[in-house]
Structure formats: C-alpha cells, structure tokens
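The residues making up each chain are set out below.
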Number of protein chains: 2
Amino acid sequence: MPKLWNETIETHRRDVRHAILATTAALVAERGLLNVTMSQIAEQTGIGRATLYKYFPDVEAILRAWHAERIAHHLAHLIDVRDQAVGPAQRLEAVLEAFAVISHGSHGHFDTDLVALLHRDEQVGHAQEQVRHVIRDLLAEAAAAGEVRADVAPAELAAYCVHALAAAGTLPSKAAVRRLVAVTLAGLRPIA
Amino acid sequence: MPKLWNETIETHRRDVRHAILATTAALVAERGLLNVTMSQIAEQTGIGRATLYKYFPDVEAILRAWHAERIAHHLAHLIDVRDQAVGPAQRLEAVLEAFAVISHGSHGHFDTDLVALLHRDEQVGHAQEQVRHVIRDLLAEAAAAGEVRADVAPAELAAYCVHALAAAGTLPSKAAVRRLVAVTLAGLRPIA
DNA sequence: ATTTATCAAGACGTAGTGTCTCGATCCCGT
DNA sequence: ACGGGATCGAGACACTACGTCTTGATAAAT
C-alpha cells in the first residue's frame, strides 16, 4: 500500500523524490556521511527499498541530487537579489550579503565541498560554477565601473568571495556575518 | 606471513598504520568517499582484514586519523614559518602565504570540511581549531601593532582568512595563489 | 470500466562486515 | 641461542546491506 499518494502521478513522483532528498540529508546530518544506507533511507522515508531504487541507484546519487537542488535554489535567490539592486557596487554587495546569509544558515553542512568528497562529479561542480559565474560577472561590472580592484581577474576574485563567505557557516551571529561581508568587500577595494 | 616487518615492533606498528592511512586516502581520491570498504583497504595495503581491524574499527576512524596527521603536519609547518619571520605584519603574511600554499597543494581534497562530513567529530574540529588559533593570535598581535583592522575580532578575522585561503585549492597557479593572499590581506587592512 | 503506473513485502544471490581461531613468523629479553 | 610475547593472515562463521526480481494490491489516467 503506497504511503505517499495524493494528487497526480507527476506530483506524487515529485513529492516522493523530495521526501527522499530531505530524509537523506537529515540522516547524514544525524549519523554522518558514511553511516547512512539505502535501507535506512527507505525506512525513514516510509517507502519500500525497491521503490527507492526506482528513484535513485545509490546514496551518492541522492546526495548529488540534494546538492544540485540546493544550489539551484540558492542561484535563483541570488539572481533575484541581484535584479532588485541598482548600480554595480550595490548589486555586488547585495549578492555577497545574500550568499553569506545562505552560508550562515547551512552551518557548513557539506554545502560547498560535496563535489570533492563525492568523487569529483562534474555535474555537482558545474552547478556550483553557476553561482560563481553570477558573482564573477558582478565583479567584472564593478571593476569596469572602477569600484572593484582590476589588478586581479574577476574569476579569481569570485573564488575568493565564495570561499571567504563560506566562513559565515562557522560564525555565531548575523552581526558577525555582516562584519565578514565588510571584510570581504574590503579585500575587493581598488588599490589607492 | 606478515608482509611489512622490518625493525622493531614499534616502528612496524607505525609503518603499518601509515600505510593504512596513505592507502585509504588514495582510494578515497580514486573512488570517492562512499565507495571505499575495509576489505579494499586491507587488500590494497597488503594486510589481512583481521589485522586492519586491530588498527582501526572502521573507514571513518581511518579518515579521522589521516586528517589529524595532516593537520598536525600543517600546524608544525605553519609554526615553523611563523617563528622564522620577524614583526607582526611579516609573520602574519608569511603564515597566510604558507597556509595558501598548503591549500593549493591539496586541491581541496577533503582537507578542511572532513569534520562536517564525518559527523562533526570534536577531535577533528579541535585539530583544525589549533591552526585557526595560531592565525588568530598573529592577527591579535598585528592589530595591537596597528597593522590589522581592530574593528573586527581576531577570531572572526581568522575564520575569514582560513576560508578565503582555502580558495587556493581551486586556483590554477602559484601566481594566482599569491594574488589571493594579497586580496585576503587587503581585507585585513586597517580602515583609513 | 479498463488500462497504465506505482507500490511494498518477500525472496534470492552477492558483497562486505566484524569477530574468532590457529598455525606461522618475528621481535624482545635474558 | 632460547623461551616468551606479539603480530600476522587465511579461513570460518553469522550477520547486515545490497540490488534485482516477482507478485498482488492500490491508485491515477483515459
């Protein structure tokens, strides 16, 4: 007897998939990456093991999908924040602040380095690159406007921003996150 | 027939342990974190499975030990670099540069975020904290000398440095690493 | 109402685990 | 050189998880 039926087959599939992703992330957070099995995931999700295998071939595939969804969500949010700001420097600052808030909320839960730990999957790396590209393009705009240093390539500055703001996950408060953004922006300032 | 005997029992134990750590890290790099088993590790190391279980209870314990050794090695190196420099700003710059070089060499191979991915082990986190404390103390010295901004706590600035310089693992060249260090240091500069 | 899709329990063979035994080998201390 | 102690690996054993398959039940789609 299926336990997760509600509307159409399509929404049902989406709901099951989402439940699998959410349950897996929770199990990994609770028990660690190496101590989660397909049997546990099926049981905690409330579906059969055979059903789980119809959605994903293994734990690694589930984690990749979970990560890709989170990155896509973050990307959409950052683009939204970018589009609501005006002026190169303001847009950059708004996006970096939003990124830091995201990092702060995730508390470093394998958000950024999953690619390295799941055998360097190109798809996962690609999703992260999209976020970096948004930031790189904003840096290029701000550099062209003379509001960001132009002696370092925007791609390198984007890597700096993404990693520096990942520290937000280790900070205790929103105020500390704002200071981190200010310090990061200070590193981008044009040289006098 | 034991395959790794040479000198004393103590050196033998150390050699076996080191071989296990090195083989495990290589297997993880090759096959990914979730696809490495105790049976594979024993086989590739050239020891029996029962022997492997005498050294470590599971894969996670091996990875923790591997990580702790690398952190200890990095820490010793950073302290050495620190002690060879003179003056607060010079010592800070020297240590940050050395840290960036280490990050560059590791190419992000689960060096920094293993703690988050292996179920938040306090021991692993503690080892990383020692590195951060060295940098934090250098920041405090430099701030007291007026060479680093004092409006942000040294612990927060240390988190910023460690994460920003972790970007070195994604950079293609030593020159890019040097630019990253310069950008990171720019973020630390006292406000005019 | 019929067709199509999804489902879960159970079975099956496989792989890996974790522990134990035992004979072989080597280091250590005298 | 010898006896004692330590380590070793192969194999056995019972267990867990896997990955696939079958089958009858349930639900959506037409």
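Residues numbered from 1 in each chain as written. Chains lettered and ligands numbered in written order. Predicted model: local features only at pLDDT ≥ 70, side-chain atom pairs only at ≥ 80, totals over all residues. Heavy atoms only, no water.

## Looking at the overall build of chain A
Argument step 1. Helix and strand content of chain A: nine helices and zero strands.
Argument step 2. Its helices and strands taken in sequence order, chain A reads α-α-α-α-α-α-α-α-α from the N to the C terminus.
Argument step 3. Residues classed as buried in chain A amount to 47% of the 192 residues present.
Argument step 4. Considering only contacts in chain A between residues 6 or more positions apart, those separated by 24 or more positions represent 62%.
Argument step 5. As displayed, chain A has an accessible area near 9,300 Å², and 53% of this comes from carbon and sulfur atoms. (Helix = DSSP H or I, 4+ residues; strand = E, 2+ residues; numbered from the N terminus. Buried < 20%, exposed > 50% of the residue type's maximum accessible area, 1.4 Å probe, protein only. Contact = heavy atoms within 4.5 Å. Areas by Shrake-Rupley, 256 points an atom, 1.4 Å probe, with all protein chains shown as cover.)

## Considerations on the pattern of salt bridges
Think of it this way: side chains of opposite charge can pair up when their charged atoms draw near.
Argument step 1. Going through the model one piece at a time under the given rule, you end up with 18 salt bridges over all chains.
Argument step 2. A salt bridge links Glu69(A) to Arg17(A), with the shortest nitrogen-to-oxygen separation between them at 3.6 Å. In this pair, Glu69(A) sits in helix α4 (residues 59–84) while Arg17(A) sits in helix α1 (residues 9–31), placing the two residues 52 residues apart along the sequence.
Argument step 3. By relative accessible area, which is 37% here, Glu69(A) ends up partly exposed.
Argument step 4. On the accessibility criterion, Arg17(A) (32% relative accessible area) is partly exposed.
Argument step 5. Arg31(B) is the salt-bridge partner of Glu30(B), the closest N and O atoms lying 3.5 Å from each other. (Salt bridge = Lys/Arg side-chain N within 4 Å of Asp/Glu carboxyl O.)

## Some words on the UniProt feature "DNA-binding region" (unreviewed entry) in chain A
Argument step 1. In this numbering, the UniProt entry assigns the feature "DNA-binding region" (unreviewed entry) to residues 37–56 of chain A.
Argument step 2. Note that residues 37–56 of chain A is 75% helix and 0% strand, and that its end C-alpha atoms are spaced 12 Å apart. (UniProt positions renumbered as here; feature names shortened; annotations may be inferred.)

## Some thoughts on the nonpolar core
Argument step 1. Of all hydrophobic cores here, the largest spans 76 residues; its most connected members are Ile135(A), Leu188(A), Ile135(B) and Leu188(B).
Argument step 2. Excluding anything up to four places from it in sequence, Leu188(A) contacts Leu92(A), Leu96(A), Leu139(A), Val148(A), Arg149(A), Leu157(A), Tyr160(A) and Cys161(A).
Argument step 3. Listed in part, the 40 residues of the second largest apolar core include Val59(A), Trp66(A), Ile20(B) and Ala42(B). (Core = buried A, V, L, I, M, F, W, Y, C linked by side-chain atoms within 4.5 Å.)

## Some thoughts on the packing of α4(A) against helix α5 (residues 88–106) of chain A
Residues and elements named next belong to chain A.
Argument step 1. Running from N to C, α4 and α5 point in directions that differ by 150 degrees, and their axes come no closer than 8 Å. Between α4 and α5, the interaxial angle falls into the category roughly antiparallel. Once α4 is placed against α5, the crossing between them reads as right-handed. Here Arg 70, His 74, His 77, Leu 78, Val 81, Arg 82 and Asp 83 of α4 lie close against α5, whose contacting residues are Arg 91, Ala 94, Val 95, Ala 98, Phe 99, Ile 102 and Ser 106.
Argument step 2. For the contact of α4 with α5, the class distribution of residues is seven nonpolar, three polar and four charged. (Axes fitted to C-alpha atoms, helices over the stretch in contact; angles between N-to-C directions. Parallel < 35°, antiparallel > 145°, perpendicular 65-115°, else oblique. Left-handed = near helix turned anticlockwise from the far one by under 90°. Nonpolar A, V, L, I, M, F, W, Y, C, P; charged D, E, K, R; others polar.)

## Re the environment of Tyr55(A)
All names here are of chain A.
Argument step 1. Looking at where Tyr 55 falls in the secondary structure, it is placed in helix α3 (residues 49–55).
Argument step 2. Look at Tyr 55 and you get partly exposed, because its relative accessible area is 27%.
Argument step 3. Placed 39 residues apart in sequence, Tyr 55 and Val 16 show a C-alpha to C-alpha distance of 8.6 Å.
Argument step 4. Sequence-distant contacts of Tyr 55, defined by excluding residues within four places in its chain, comprise His 12, Arg 13, Val 16, Arg 17 and Ile 20.

## Some points on the side chain of Glu156(A)
Argument step 1. Note that Glu156(A) resides in helix α8 (residues 154–166).
Argument step 2. Assessed through its relative accessible area of 15%, Glu156(A) is described here as buried.
Argument step 3. Contact partners of Glu156(A), with chain neighbours within four places excluded, come to Leu171(B), Ala176(B) and Arg179(B).

## Thoughts on the packing of helix α9 (residues 174–188) of chain A against helix α8 (residues 154–166) of chain B
Argument step 1. Put simply, α9(A) and α8(B) touch, their axes get as near as 10 Å, and they point 55 degrees apart. Between α9(A) and α8(B), the crossing angle belongs to the class labelled oblique. Here the hand of the crossing between α9(A) and α8(B) comes out right-handed. Each of Ala176(A), Arg179(A), Leu180(A), Val183(A) and Thr184(A) in α9(A) lies in contact with α8(B), whose residues at this interface are Glu156(B), Leu157(B) and Tyr160(B).

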